[in-house]
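Architecture and fold: a report
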There are 2 protein chains.
Amino acid sequence: MYDRIKGFRDFYPGEMGARRATIDTIEDAARRYGFREIGTPALERAELWTDKSGDDIVEELYSFEDQGGRHVTLTPELTPTVARMVVAKQQALSKPIKWFSTRPFWRYEQVQQGRQREFYQTNVDIFGSAEPEADAEILAWAADALTSLGLTDEHFEFRVSHRDILGGVFESLEADVDVDDAIRAVDKSDKLSTAEYHDLLIGAGLSADQAVEVDDLISSGDLEAVESFADTERVTAAIENLQNVLDAAADFGAREHCTISLETARGLDYYTGVVFECFDSTGEVSRSIFGGGRYDDLIESFGGQPTPAVGVAPGHATLALLCQRAGVWPEEAVSTDYYVLQIGDTRSEAARICRELRERGHVVETDVAGRSFGSQLNYADSINAETVVIVGEQDLANDEVTIKDMDSGDQTQVPVDEFPGELERPTFDEFA
Amino acid sequence: MYDRIKGFRDFYPGEMGARRATIDTIEDAARRYGFREIGTPALERAELWTDKSGDDIVEELYSFEDQGGRHVTLTPELTPTVARMVVAKQQALSKPIKWFSTRPFWRYEQVQQGRQREFYQTNVDIFGSAEPEADAEILAWAADALTSLGLTDEHFEFRVSHRDILGGVFESLEADVDVDDAIRAVDKSDKLSTAEYHDLLIGAGLSADQAVEVDDLISSGDLEAVESFADTERVTAAIENLQNVLDAAADFGAREHCTISLETARGLDYYTGVVFECFDSTGEVSRSIFGGGRYDDLIESFGGQPTPAVGVAPGHATLALLCQRAGVWPEEAVSTDYYVLQIGDTRSEAARICRELRERGHVVETDVAGRSFGSQLNYADSINAETVVIVGEQDLANDEVTIKDMDSGDQTQVPVDEFPGELERPTFDEFA
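Residues numbered from 1 in each chain as written. Chains lettered and ligands numbered in written order. Predicted model: local features only at pLDDT ≥ 70, side-chain atom pairs only at ≥ 80, totals over all residues. Heavy atoms only, no water.

The name recorded for chain A in an unreviewed UniProt entry is Histidine--tRNA ligase, from Natronolimnohabitans innermongolicus JCM 12255. Recorded in UniProt under Sequence similarities (unreviewed entry), the annotation for chain A is "Belongs to the class-II aminoacyl-tRNA synthetase family." (UniProt positions renumbered as here; feature names shortened; annotations may be inferred.)

This next bit is on the overall build of chain A. Along its length, chain A carries 17 helices and 16 strands. Considered along the principal axes of its C-alpha atoms, chain A spans approximately 95 × 50 × 45 Å. Expressed as a percentage of the 432 residues in chain A, the buried residues total 56%. Expressed as a percentage of contacts within chain A between residues at least 6 apart in sequence, the contacts between residues at least 24 apart total 67%. By element, 41% of the accessible surface of chain A is carried by carbon and sulfur atoms, the whole surface being about 17300 Å². Between the mean site of the 38 positive side-chain charges and the mean site of the 84 negative ones, chain A shows a separation of 7 Å. (Helix = DSSP H or I, 4+ residues; strand = E, 2+ residues; numbered from the N terminus. Buried < 20%, exposed > 50% of the residue type's maximum accessible area, 1.4 Å probe, protein only. Contact = heavy atoms within 4.5 Å. Areas by Shrake-Rupley, 256 points an atom, 1.4 Å probe, with all protein chains shown as cover. Lys, Arg positive; Asp, Glu negative; His and termini not counted. Charge placed at Lys NZ, Arg CZ, Asp CG, Glu CD.)

It is worth spelling out the sheet that holds strand 2 (residues 43-45) of chain B at this point. One key point about sheets: their strands pair by backbone hydrogen bonds, in either a parallel or an antiparallel sense. Residue and element names in this part refer to chain B. As summarised here, the arrangement of the three strands in space is 2-4-3, forming an open sheet in which the pairing is antiparallel. Looking at which strands have only one partner, the edges of the open sheet turn out to be strand 2 and strand 3 (62-65). Across the sheet, the mean angle from the axis of one strand to that of its neighbour is 35°, orientation sign disregarded. Pairing analysis gives three bridges linking strand 2 to strand 4 (residues 71-74), with the strands arranged antiparallel. Across the sheet, the residue bridging to Leu43 is Leu74, located in strand 4. (Pairing = 2+ DSSP bridges. Axes fitted to C-alpha atoms, helices over the stretch in contact; angles between N-to-C directions.)

Let us now look at the domain arrangement of chain A. Taken domain by domain, chain A comprises domain 1 (13-172 + 232-326) and domain 2 (336-431). Put simply, the middle of domain 1 of chain A and the middle of domain 2 of chain A, counted by C-alpha atoms, are 48 Å apart. (Domains from an automatic or database assignment.)

Moving on: helix 14 (residues 347-359) of chain B. Since the α-helix packs 3.6 residues into each turn, any two residues three or four apart lie on the same face. All names here are of chain B. Here helix 14 contains 13 residues, and its C-alpha end-to-end distance of 18 Å stays within 8% of the 18 Å for a straight helix at 1.5 Å per residue. Those residues of helix 14 that fall on the buried side of the exposure criterion are Arg347, Ala350, Ala351, Ile353, Cys354, Leu357 and Arg358. Taken around the axis of helix 14, the buried residues stretch over an arc of 160°, which confines them to a single face. Directly after helix 14, the chain includes Gly361, whose backbone phi takes a positive value near 95°. (Expected span 1.5 Å × (residues − 1). Arc of directions from axis to C-beta.)

Relative to the helices and strands, Glu109 of chain A resides in the loop between strand 5 (97-106) and strand 6 (118-127). In contact with Glu109 of chain A, not counting residues within four places along its chain, are Glu60, Arg115, Gln116 and Arg117 of chain A.

A few words now on the UniProt feature "binding site: L-histidine" (unreviewed entry) in chain A. Residue and element names in this part refer to chain A. As annotated by UniProt and renumbered to match this structure, "binding site: L-histidine" (unreviewed entry) occupies Glu77, Leu78, Thr79, Arg107, Gln121, Asp125, Arg266, Tyr270 and Tyr271. With respect to the helices and strands, the residue Gln121 is situated in strand 6. For Gln121, a relative accessible area of 15% corresponds to the buried category. Dropping the residues within four chain positions of it, Gln121 is found in contact with Ser101, Thr102, Arg103, Phe105, Ala313, Pro314, Gly315 and His316. Tracing the backbone through its elements, the reader meets Asp125 in strand 6. Residues in contact with Asp125, not counting those within four places in the same chain, are Phe35, Val82, Ile97, Lys98, Trp99, Ile138, Tyr295, Val310, Gly311 and Val312.

Take the environment of Ile299 of chain B next. Residues and elements named next belong to chain B. Within the secondary structure layout, Ile299 lies in helix 12 (residues 298-301). Considered as a pair, Ile299 and Phe127 are 172 residues apart in the sequence and their alpha carbons are 9.0 Å apart. Discounting residues that sit within four places of it in the chain, Ile299 has contacts with Ala83, Val86, Val87, Gln90, Phe127, Gly304, Gln305 and Thr307.

Attention now goes to helix 11 (residues 233-251) of chain A. Residue and element names in this part refer to chain A. Relative to the 27 Å expected for 19 residues at 1.5 Å per residue, helix 11 spans 27 Å between its end C-alpha atoms, a close match to the ideal helical length. Here helix 11 has its buried residues at Val235, Ala238, Ile239, Asn241, Leu242, Val245, Leu246, Ala248, Ala249 and Asp251. Residue Gly253 follows helix 11 closely and has a positive phi angle near 90°.

This paragraph deals with the interface of chain A and chain B. If you look at the interface, chain A gives 94 residues, while chain B gives 94 residues. At the boundary of chain A and chain B, one finds 14 salt bridges. A salt bridge links Glu365 of chain B to Arg36 of chain A, with the nearest nitrogen and oxygen atoms 2.7 Å apart. Viewed at the interface, chain B and chain A are joined by 46 residue pairs in polar contact (both at pLDDT 80 or more). A per-class count over the side of chain A that touches chain B returns 40 nonpolar, 18 polar and 36 charged. (Salt bridge = Lys/Arg side-chain N within 4 Å of Asp/Glu carboxyl O. Polar contact = N/O pair within 3.5 Å; in protein donor to acceptor, adjacent residues only side chain to side chain. Nonpolar A, V, L, I, M, F, W, Y, C, P; charged D, E, K, R; others polar.)

Next up on the list: the relation of the copies chain A and chain B. Each copy superposes on the other: chain A lies on chain B with an RMSD of 0.1 Å after a rotation of 180° and an axial shift of 0.0 Å. Expressed as an axis order, the relation between the two copies is that of a two-fold axis. The rotation axis passes nearest to the C-alpha of Phe64 of chain A in chain A, at a distance of 3.2 Å. In this assembly, 100% of the residues forming the interface of chain A have copies in chain B that are likewise at the interface, indicating an isologous arrangement. (Least-squares fit on C-alpha atoms with pLDDT ≥ 70 in both.)

So, on to the sheet that holds strand 1 (residues 36-37) of chain A. Residue and element names in this part refer to chain A. One open sheet holds the eight strands; their spatial order is 1-5-6-11-10-9-7-8, and the pairing between them is mixed. Lying at the two open borders of the sheet, with one neighbouring strand each, are strand 1 and strand 8 (258-260). Pairing of strand 6 with strand 11 (residues 309-312) involves four bridges; the strand directions are antiparallel. In the sheet register, Asp125 faces strand 11, and the bridge partner there is Gly311.

Evaluated as defined, the whole model comprises 52 salt bridges over all chains. Of the charged contacts, one joins Glu157 of chain A and Arg159 of chain A as a salt bridge, the two residues approaching to 3.1 Å between their closest N and O atoms.

Dropping the structure here:
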């Protein structure tokens, strides 16, 4: 007997059905906004990450040398791949480019609830627009996707900021500040005590007074106060951009899901502008579900024309936890419209009924295992069949079949040439 | 600039749309038969293949040691994974177990037309029935899937045989025959000259006369002649089973797509009973598109209860070639229901129209890049928008928007509060 690998999951039909319904819902939302599906490879040259990414991600790569001596890796995220694809066909693609895809990614991480080594994301990106409407459309899609799943603003919120606000505030201080370290401290602050947080800020070059002052300023979320504190063009422009994005989000119907949260830094990734994280507001402790933002420099750094970009990537494991806590996760059960039960040598008539019902698009099973009446009925029950069509030798001698409603247990006999006849979805009720 | 890896493909939206339509069609057919979707890992322990598979597949594995020292591999096929999943929940799963999934697999092979190193398959399997109806249901699904794509028996045929027929014939010869080598020779025979083919049979232990006799016998496809030639229980039982499967396939509507072809051996894999291959009959040279068959011993060899099994796995690259040659491949173009064009400061009204149209399920784009009238119209054309809704400042001052049919170029003005109003899918025609 073989085991699956730790951090890799098998999805059996019930759970897979719930996942598929969820994926379909959020992909349908993406299609309605005109995002177009793309297909991307599982393997890429490892340089796409080792050249540019932080050590964290490089240490977690499933990378190896292939038979052709290439240093390759299982992709830990989609963004470098889509950047490569944009660069490869930059001239031919009409802009803005709006793409989505749902697929697995792989990172060698500590396995915990909501975090596996193989994990699924739906990536949604816009390339070729620096306008606030593009950021707002990403926010609007994300809100639409979540509300289409049955979630409301009781369950989630988007905490929105702009990378240049924090950077600009630290830059404006009269001190020798390591801005990246300081941003990293803010990014971690909700997991730290105040003292630990301030110590990290001091370690990044702030004075003790500055640490307290900046902490107060950032947690206030007061944009006017931040603007006058920093008093630099960079911060003023960032705040203006953030407000423009939120204004556009208001027109697009997503503003009500957004709160300004200057702590939101999205690590030190490739983000350059507005950044946001979706938080679970159902639990006592709120938790980041997924995030996104603007990354205007990535395409150029991949050798392409300067191309602004903004995107988001909900992960399906954390999304499932959120939906489950909110009570909107789809039922994990298979469903079946008809089971056509054979008694005796009635295969040819049963097969005709199956074919006609399937032509109407219904989910139809029949016996393929030579089972008895009882075990066929048990099986029909196990697959949650709504209607059982009993095709028995004796009934057929009278040109009849029996229609059984599995919910009530009621059944009735019907002329065989009237089933399914002209009916689109014949059930017990039509014949009772 | 980074390159993708040889044998790995990027799918841009037009081609991806055609692939998605194809996948949806054949998955819908699987759902109608009551096959249930499962989700499976990309990585497995390499032993799942190195313990049992032939050298061919082991040499092509993308295998490596992970950070935890596990010898893992990118899965080159699905069957060992589903066997592992059946064994893991054998008691809990009601039988027959009917599963499907579509996903990529990986083999380090020579890249050629229709064969990449990353390739997609839809696997469809039934576990827990040894009855001919199970084999026939697999054939019926495959036929239904292909005809749902628009293919007919002018384009494809299933060549059906039984593993024990060839094996039994060779076993029955009065000679010291290496049966596996002999079957392998038959399997390759359509790529060989008659002389080469006979040499391989002689190499496997047949006399020159026997090689000629067996060649004639096998290519005749005459089951009665084969039965009396071998005159063994094994061959008689195999022929009876094959005929039972074809009889069930007749009831299930798939018989017309099947021809008996005793050359069909499906290599030396894990097959134990009926085997079949789908051939392209459109080209001058017919070519195997995909294959399947019965593999009753695999689950037990994975440590499970003896569990008969039968399955098939169409590959999407060869299926696309078949559909393209037959002229039924979906158009590789994106489609868009509405483009909502903004002139001047009309975002809020344009956004309302977008939201209302999207709520009705339509694909709707609007400007997110601050474009001019002309470049918005060009973009609308590039995404094949059917209707353009022009929301201009001047029109809005008169409480109107302009509806433009992109096919004809015709346009008309409409009261803004009537668009979309109560209409499910308002176009130019409703207002002309």
